[in-house]
Amino acid sequence: MSQKPAMDEKDRQMLALLLSKSPIAIVYRPLRTEVSLAGLDLLPEGSRKYEIAPHAELDPIQEALKAKEIAGSDGAVILIPGRAFDTLGTRHGRGGGWYDRFLAHVPIEWERIGFCFDDQFSEDPLPRQPWDEVMDFVAVANRKGDDLILHTTHARS
């Protein structure tokens, strides 16, 4: 049985609130370089999830349309992997812009939570391109899996 990461109580309450806002979470299937959501046991009981497979050949606009259809008027929270994030909500992925195109086609009201390891998180601003879609929050896990910190970015407020 894996141990859940420890979190600051304020971070725990904020993440629980964010994830409970919507009955559906748009999640990712992690690559070996990404935080695995399975061991974190974050989603509230009874919530549904729509998992996006890590295939570059998937059309991000079609995936956005599917996600909107599944979420309906209830909305969704989106959990997003990345290779690098900063405190301002900038996200760097694998360089193809897939998530940027996906996020450009989902409702702006949907909360965006990026997930990364602590060595992938920067206090210094990362370069941001005009097409880069920013995160509302970044959850940062350590590589040992015993800590998770939630950063509020204020990127879209």
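These remarks concern the structure in this document. The residue count restarts for each chain, going from 1 along the sequence in the order it is written. Where local features are concerned, this predicted model is filtered to residues with pLDDT of at least 70; where side-chain atom pairs are given and counted, the filter is 80 or more; whole-chain, interface and lining totals use all residues. Heavy atoms from the whole structure form the basis of all side-chain values; hydrogens and water molecules are not counted.

## What to know about the overall build of the protein
Strands here mean DSSP runs of E at least two residues long; helices mean DSSP runs of H or I at least four residues long; both are numbered from the N terminus. On a plain count of helices and strands, the protein comes out with three helices and nine strands. Along the protein, from the amino end to the carboxyl end, the secondary structure elements read α-β-β-α-β-β-β-α-β-β-β-β. Relative to the 2.2 N^0.38 estimate, which gives 15 Å for 157 residues, the radius of gyration of the protein is 15 Å and therefore close to what a compact globule would have. For the protein, the C-alpha atoms occupy an extent of roughly 40 × 35 × 30 Å along the three principal directions. Here the protein holds 157 residues, and 45% of them are scored as buried. We call two residues in contact when some of their heavy atoms are within 4.5 Å. When contacts within the protein are restricted to residue pairs at least 6 apart in sequence, those whose partners lie at least 24 apart make up 72%. The Shrake-Rupley method, run with a 1.4 Å probe sphere, supplies the accessible areas, and residue values consider only the shown protein chains as cover. Approximately 8,700 Å² of the protein is accessible, and the part contributed by carbon and sulfur atoms is 52%. When charges are counted, Lys and Arg contribute as positive and Asp and Glu as negative, whereas His and the chain ends are disregarded. Working definition for charges: the position is that of NZ of Lys, CZ of Arg, CG of Asp or CD of Glu. One finds the centroid of the 19 positive side-chain charges in the protein at a distance of 3 Å from the centroid of its 25 negative side-chain charges. As defined in this context, the radius of gyration uses C-alpha atoms, and a globule is described by 2.2 Å times the residue total to the power 0.38. Burial classes: relative accessible area under 20% of the type maximum marks a residue as buried, over 50% as exposed, and values in between as partly exposed (1.4 Å probe, protein chains only).

## Here we look at the pairing of strand 3 (residues 77-81)
Where burial is concerned, most of strand 3 is hidden: five out of the five residues are buried. Every second residue of strand 3 is oriented toward a common face, with Val77, Leu79 and Pro81 on one face and Ile78 and Ile80 on the other, all of them buried. Two strands are said to pair when DSSP picks up at least two bridges between them. In terms of strand pairing, strand 1 (residues 24-28) meets strand 3 through two bridges, oriented parallel. Counterpart to alanine 25 in the pairing with strand 3 is valine 77. Pairing of strand 3 with strand 6 (residues 111-117) involves five bridges; the strand directions are parallel. Residue pairing across strands places isoleucine 80 opposite glycine 114, the latter belonging to strand 6.

## Thoughts on the environment of proline 30
By the secondary structure assignment, proline 30 is in the loop between strand 1 and strand 2 (48-52). In this structure, the C-alpha to C-alpha distance between proline 30 and lysine 144, residues 114 residues apart in sequence, is 16 Å. Not counting chain neighbours up to four residues away, the residues in contact with proline 30 comprise Val35 and Ser36.

## Description of the sheet that holds strand 5 (residues 91-92)
What the three strands build is an open sheet, ordered 5-4-7; its pairing is mixed. The sheet is open, and its two edges are formed by strand 5 and strand 7 (121-122), each paired on a single side. Here strand 4 (residues 84-86) runs beside strand 7; their pairing, made up of two bridges, is parallel. For phenylalanine 85, the partnering residue across the bridge sits in strand 7 and is phenylalanine 121.

## Section: the sheet that holds strand 8 (residues 137-141)
As summarised here, the arrangement of the six strands in space is 2-1-3-6-8-9, forming an open sheet in which the pairing is mixed. A single partner strand is all that each edge strand has here, and the edge strands are strand 2 and strand 9 (148-152). Taking the axes of each pair of neighbouring strands and ignoring which way they run, one obtains an average angle of 20° across the sheet. Pairing between strand 6 and strand 8: five bridges, direction parallel. Axis definition: a line fit to C-alpha positions, over the contact stretch in the case of helices; interaxial angles, taken between N-to-C directions, run 0 to 180 degrees.

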